Amino acid sequence: MGQGYYDDARYRTLQMLPTAAFGLLKTASLAGTTTAASTLGYPLKMIHPVRVVSASGYFVVGGTNAIVSLVLSKSAAGTGTASTIGTMAVGTSAAATHKAFTVTETSLSAGDTLLLQRALGTHADVTDVMVTVGLRETFE
Amino acid sequence: MLVSRYGAFGDAVFISPLPRLLKEQGFDQVDFEVNHKTFQVLGNNPFIDNLIYFEPPPGTIGHDLVPHWEKISKGYDKFINLFGSLEVGCISMAGDDFYDKSDEVRRKEFGGINFYDQTIAWAGYPELCGRYRPELYFTDEEVKKTEAWLEQFEGKFKVLIGVSGSLPHKDFYQAEEVAKKILDKYEDAIVILTGGKNDENKVFSGDRIVSVVGEKPFMQAALISKYCDAVICMETGLGVAAQVWGTPTIFLLTSSNPVNVCRYAENSLHVQSPANCSPCHRGPYKYEHCEFKDGRPVCVYFHVDYIMQRVEEAYSMRSICV
């Protein structure tokens, strides 16, 4: 077995990778009660134009959250307001499984920001999830 | 049917025949789970029903992902795991049985394997090797945008040069010398430079030199290569993509040989490195076996006059077509 696979730092890929995951290996804990929409992980500012085509959550720890949804949002540069582009109801999820967001394909310009938010809800179980976003690089 | 592959751009092109092949084998649903780069290359493929994005954490090796593969493959009739399909079967990697052996031993082991054949055989269809070609798809908008950008070079002898690669033996150190010779020889030539944002220090300027280094994504460079009269690059994904179109491609080979990467390419104008160690068939991440000259592996130094002969061949092909 080889020791890995070729990586390629050319083109934009090196710059794009951090935008594809909200903290790879850094999980967003869903435990607790949410009284206002809150941003999880960190906002991802685009340095190149992209189109968001998919998103999924990987449940590091399983659990049940009947109420809570995760929301993927776009914040256009300079506006400070977020618009929803994808959602995923957590529901019952086993550990080490994926669940896809329902995503409306959306273009982001350089400077726009992607946000991962937790919708309002009360939930007791601990559910850790790592969210990754499938991006298509826009031609310029 | 689920196929999983995490690879670089060239690796992604090498698996691009599979979606059509699998559909024609009768699989109603063909899903691919891929990393970011492969996500770009297969993004518009009409034979893929679901393209699932997954980026393995940096440093991940195969056994780390076994639980992941067990989970994602549940519910599918068949799971084709292409992890390491080229790295194991076509290239000698540090720690394997061949890495420390002689060049001759590795040439005998790996020299006769084509990367497309390897992929199709790994997928379970060795009898179909050679019957499917790589495929790249683009949206109408992507094509229009690229064609509009290229209009400024209408009628020119367009030469696309990849200035860089993912590893030191894939950087085209002689790019400037070759570009200037082309421009001196062909009055109607235009040289387009492509590469990544980290390669801006490799960009050179001059009359009739246009750089899109750090500006255009890989797939746009791949599409641009379709409209060019010649592509010159080291052993990188750009060359693999250019061969998809039959564009005359001066593929500067170092670790691989023409059988590995050019067997099915039309108008291949490949050049093997004159270094005695080439092809080594290694994935030389640490270069511990390599001879160096001026801080670079010796395999990166080509005979520029021979490259120029290949450029003349490409120019002649263009003359026939015009």
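Keep in mind it's a predicted model, so treat the numbers as computed, not measured. (Residues numbered from 1 in each chain as written. Chains lettered and ligands numbered in written order. Predicted model: local features only at pLDDT ≥ 70, side-chain atom pairs only at ≥ 80, totals over all residues.)

**So, the overall build of chain A**
To be explicit about the condition: Secondary structure elements follow DSSP: runs of H or I no shorter than four residues count as helices, runs of E no shorter than two count as strands, and numbering proceeds from the N terminus. Think of it this way: build a C-beta for each residue from its backbone, and any pair within 7 Å is a contact.
Broken down by element type, chain A carries one helix and 12 strands. When the elements of chain A are put in sequence order from the N terminus, they spell out α-β-β-β-β-β-β-β-β-β-β-β-β. In chain A, the proportion of contacts linking residues at least 24 apart, taken out of those at least 6 apart, comes to 79%.

**Some words on the sheet that holds strand E1 (residues 2–5) of chain B**
Residue and element names in this part refer to chain B. Counted only if it meets this: Strand pairing is assigned whenever DSSP detects at least two bridges linking the two strands. To obtain each axis, a line is fitted to C-alpha atoms, and for helices this fit is confined to the stretch in contact; angles are then taken between N-to-C directions over 0 to 180 degrees.
Across the sheet, which stays open at both edges, the four strands sit in the order E3-E2-E1-E4 with parallel pairing between neighbours. Both edges of this open sheet fall to strand E3 (50–53) and strand E4 (79–81), since each of them pairs with a single strand only. Sheet twist, expressed as the average angle between the axes of neighbouring strands with direction ignored, equals 15°.

**A look at unusual backbone geometry**
All names here are of chain B. Looking along the chain, the bond that leaves Ser278 and enters Pro279 is cis, with omega of 0°. Here Pro279 shows up in the loop between strand E10 (271–272) and strand E11 (292–293). Even without being glycine, Arg208 reaches a positive phi, approximately 70°.

**Structural notes on the sheet that holds strand E8 (residues 230–234) of chain B**
Each strand in a sheet pairs with another by means of backbone hydrogen bonds, the pair being arranged parallel or else antiparallel. Residue and element names in this part refer to chain B. Pairing is parallel in the open sheet, where six strands are placed in the order E7-E6-E5-E8-E9-E10. Of all strands in the sheet, those bounded by a partner on one side alone are strand E7 (209–211) and E10. As paired elements, strand E5 (residues 157–162) and E8 share three bridges and run parallel to each other. By the bridge assignment, Val159 is partnered in E8 with Ala230. Its contacts with the sheet put helix H9 (residues 175–185) on E5, strand E6 (189–194), E7 and E8, and the angle it makes with E6 is roughly 160°. In the packing of helix H10 (residues 218–227) onto the sheet, contacts are made with E5, E6 and E8, and the angle to E5 comes to roughly 150°.

**A word on the environment of Tyr125(B)**
With respect to the element layout, Tyr125(B) can be found in the loop between helix H7 (115–122) and helix H8 (140–150). With 103 residues separating them along the chain, Tyr125(B) and Leu22(B) place their C-alpha atoms 9.6 Å apart.

**Focus on the confidence of the model for chain A**
Residues and elements named next belong to chain A. This is how it is decided: Across the chain, each position has a pLDDT score giving the predictor's confidence in that residue, from 0 to 100.
Per-residue confidence for chain A gives a mean pLDDT of 72, with 64% of residues at or over 70. Across residues 1–19, where pLDDT falls below 50, the model places 63 contacts with residues more than four positions away in sequence or in other chains. This stretch, residues 23–27, has a pLDDT under 50; its non-local contacts, to residues over four places away or in other chains, come to 11 contacts.

**Focus: the domain arrangement of chain B**
How large an interface is tends to be reported as the accessible area lost when its parts come together. Residues and elements named next belong to chain B. We count it as follows: Segment limits for the domains were obtained from an automatic or database-derived domain assignment. Asp, Glu, Lys and Arg are counted as charged, while Ala, Val, Leu, Ile, Met, Phe, Trp, Tyr, Cys and Pro are counted as nonpolar; the rest, among them Gly, fall into the polar class.
When the domains of chain B are assigned, the result is domain 1 (2–128) and domain 2 (150–321). One C-alpha centre belongs to domain 1, the other to domain 2; they are set 25 Å apart. At the interface, 24 residues of domain 1 touch 23 residues of domain 2. Secondary structure elements with two or more residues in the side of domain 1 that touches domain 2: helix H1 (9–14), helix H3 (36–41), helix H6 (103–110) and H7. Its residues assigned to classes, the side of domain 1 that touches domain 2 shows 14 nonpolar, six polar and four charged.

**Things to note about H10(B)**
The following threshold applies: Between the buried cut of 20 or more and the exposed cut of 12 or fewer other C-beta atoms within 10 Å of a residue's own C-beta lies the partly exposed class, and all C-beta atoms are placed from the backbone.
Judged by how many residues are buried, H10(B) sits mostly within the fold: nine of 10 residues are covered. Phe218(B), Met219(B), Gln220(B), Ala221(B), Ala222(B), Leu223(B), Ile224(B), Ser225(B) and Lys226(B) are the residues of H10(B) that are buried.

**Re the environment of Leu2(B)**
Residue and element names in this part refer to chain B. For Leu2, the position within the fold is in strand E1. Taking the C-alpha atoms as reference points, Leu2 and Trp245, separated by 243 residues in sequence, lie 27 Å from one another. Once you skip the residues sitting within four places of it in the chain, Leu2 turns out to touch Asp31, Glu33, Ile72, Ser73, Tyr76 and Phe79.

**Quick word on the environment of Ile85(A)**
Residue and element names in this part refer to chain A. Position of Ile85 relative to the elements: it lies in strand E6 (residues 82–93). Exposure remark for Ile85: the 22 C-beta atoms within 10 Å place this residue in the buried category. Considering only alpha carbons, one finds Ile85 and Ala119, 34 residues apart in sequence, at a separation of 13 Å. Among residues more than four places away in sequence, those in contact with Ile85 are Val52, Leu72, Ser73, Lys74, Val103, Thr104 and Thr106.

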